[in-house]
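Residues per chain are reported as follows:
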Amino acid sequence: MPSLTIADQSVDQLGGPGSVLARQRRDHVRLDELINRFGTVSRAEQPHVLREINNLVFSHAFAEEVVLWPAMRRLVPGGAALTARIEGEHQEINGLCAALERMTPDDPEWDERVGRAFEVMRADVRDEEDLVLPALQDVADVAQLQRLGTAWELVRRTAPTRPHPAVARRPPDNALRGIPLSGFDRIRDALDSPSGRSALNTVAMTVGRLTSSVRSGQLASSRTGDGQRGEDPASRCRSRLPVPPVPPAGPLRRLPVQPALLRHRVDGDHRGERETQGHQPPSRRRRLAPQREQ
Ligand SMILES: [Fe+2]
Ligand SMILES: [Fe+2]
């Protein structure tokens, strides 16, 4: 049984400010603040706060998937099941936030999707602070926790800052595909900022086309088999793609309806238009402490 939740420990107990445990908790507290702030701003400002949340969440989670969860699987007995649970949460958050990127607060589904995204983000934080990270703390010494903290921080600084539900959640595919996308994400972040928008309008159109092309290419390759290399099916979000109509057997199968069907499935995937089943949070839940050491 893992020891204490990391929510209730001092920074020294976590291995110092550079430890991966302390770094994780700082980001989790920041996420909690941003989610609370989202509830206080006008609807017109909500997309800007959501952008800040995405910026924090996706670079944080990407570095977990590249650095931290592989270490968990190596070091912690039962680490594979724990990390699969977290990766399923990450996948659902990717799908929800990708859908929200194409919406405005006037959309009738906006509130519901935002609410579900925040619910899963909070469940993810609780799972990590109460289950996964204490299990890592039980087997790793302070030097290991600090080395993991440094590696996690380095990857986080060059990680994608936007949702990419089509990218695998495990190495090596997530690193191979995610890191090039990071450049696009960061250009788009700059373009979305008030200062960058006017000066770089033309570049925005070009980047948008390039991003679409890259994503389409990834999706096409990701549909060639059920599992991407390095990806564990157990880590997938339990979701259901919309089922396209099945053409009748016989000669019609050879008609040009097949590419159209493929496009339908790929677009549906790309847009995150998946029905998601409810995530069952663990029975042991603790709220974030309002004040923590930095
Ligand atoms: Fe985390
Ligand atoms: Fe996470």
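> Please give an account of the overall build of the protein chain that cites residues and values.
On a plain count of helices and strands, the protein chain comes out with nine helices and two strands. Of the regular secondary structure in the protein chain, the N- to C-terminal order runs α-α-α-α-α-α-α-α-β-α-β. For the protein chain, the residues scored as buried account for 35% of the 294 residues in total.

> Kindly report on helix H2 (residues 46-75), identifying the contributing residues and their values.
In this model, H2 (30 residues) spans 40 Å end to end at C-alpha, consistent with the 44 Å of a helix rising 1.5 Å per residue. Where H2 bends most, at Glu 65, the angle is about 45 degrees.

> I'd like a description of the packing of helix H1 (residues 20-38) against helix H5 (residues 142-157), backed by residues and values.
Put simply, H1 and H5 touch, their axes get as near as 7 Å, and they point 45 degrees apart. As summarised for this structure, H1 and H5 are arranged oblique, according to the angle between their axes. Between H1 and H5, the contacting residues are Val 20, Leu 21 and Arg 23 on the first element and Leu 145, Leu 148, Gly 149, Trp 152 and Glu 153 on the second. Here the contact of H1 with H5 is built from residues that sort into five nonpolar, one polar and two charged.

> Kindly report on the packing of helix H3 (residues 79-101) against helix H4 (residues 110-139), identifying the contributing residues and their values.
At a closest axis distance of 9 Å, the pairing of H3 and H4 adopts a crossing angle of 160 degrees. Comparing their axes, H4 and H3 come out roughly antiparallel. H3 and H4 meet at a crossing whose hand is left-handed. In the contact of H3 with H4, the residues fall into 15 nonpolar, one polar and eight charged.

> How would you explain the nonpolar core if you had to name every residue and give the values?
Counting 45 residues, the largest nonpolar core has Val 67, Leu 68, Met 72, Ala 117 and Met 121 as its most contacted members. For this core, the elements supplying multiple residues, two or more each, are H1, H2, H3, H4 and H5. Looking at which element gives the most residues to this core, the answer is H2, with 13 residues. Excluding residues that lie within four positions of it along the chain, Leu 68 makes contacts with Val 20, Leu 148 and Trp 152.

> Run through H3, naming residues and quoting values.
Look at H3: 33 Å from first C-alpha to last across 23 residues, which is about the 33 Å you get at 1.5 Å a residue. Across the 23 residues that make up H3, a large majority, 18, are buried.

> Pulling in residues and values, what's your account of the confidence of the model for the protein chain?
Here the protein chain shows a mean pLDDT of 76. Residues at 70 or above account for 64%. Across the protein chain, the element-wise mean pLDDT spans from 35 in strand S2 (residues 275-276) up to 98 in H1. Note on residues 217-230: pLDDT under 50 across the span, and 21 contacts to partners over four residues away in sequence or across chains. Of the regions scoring below 50 in pLDDT, residues 239-291 engages in 64 contacts with residues more than four places distant in sequence or in other chains.

Rules and cut-offs
Residues numbered from 1 in each chain as written. Chains lettered and ligands numbered in written order. Predicted model: local features only at pLDDT ≥ 70, side-chain atom pairs only at ≥ 80, totals over all residues. Helix = DSSP H or I, 4+ residues; strand = E, 2+ residues; numbered from the N terminus. Buried ≥ 20, exposed ≤ 12 C-beta atoms within 10 Å, placed from the backbone. Expected span 1.5 Å × (residues − 1). Bend = angle between axes of the 7 residues up to and from the residue. Axes fitted to C-alpha atoms, helices over the stretch in contact; angles between N-to-C directions. Parallel < 35°, antiparallel > 145°, perpendicular 65-115°, else oblique. Contact = placed C-beta atoms within 7 Å. Nonpolar A, V, L, I, M, F, W, Y, C, P; charged D, E, K, R; others polar. Left-handed = near helix turned anticlockwise from the far one by under 90°. Core = buried A, V, L, I, M, F, W, Y, C linked by C-beta atoms within 7 Å. pLDDT = per-residue confidence, 0-100.

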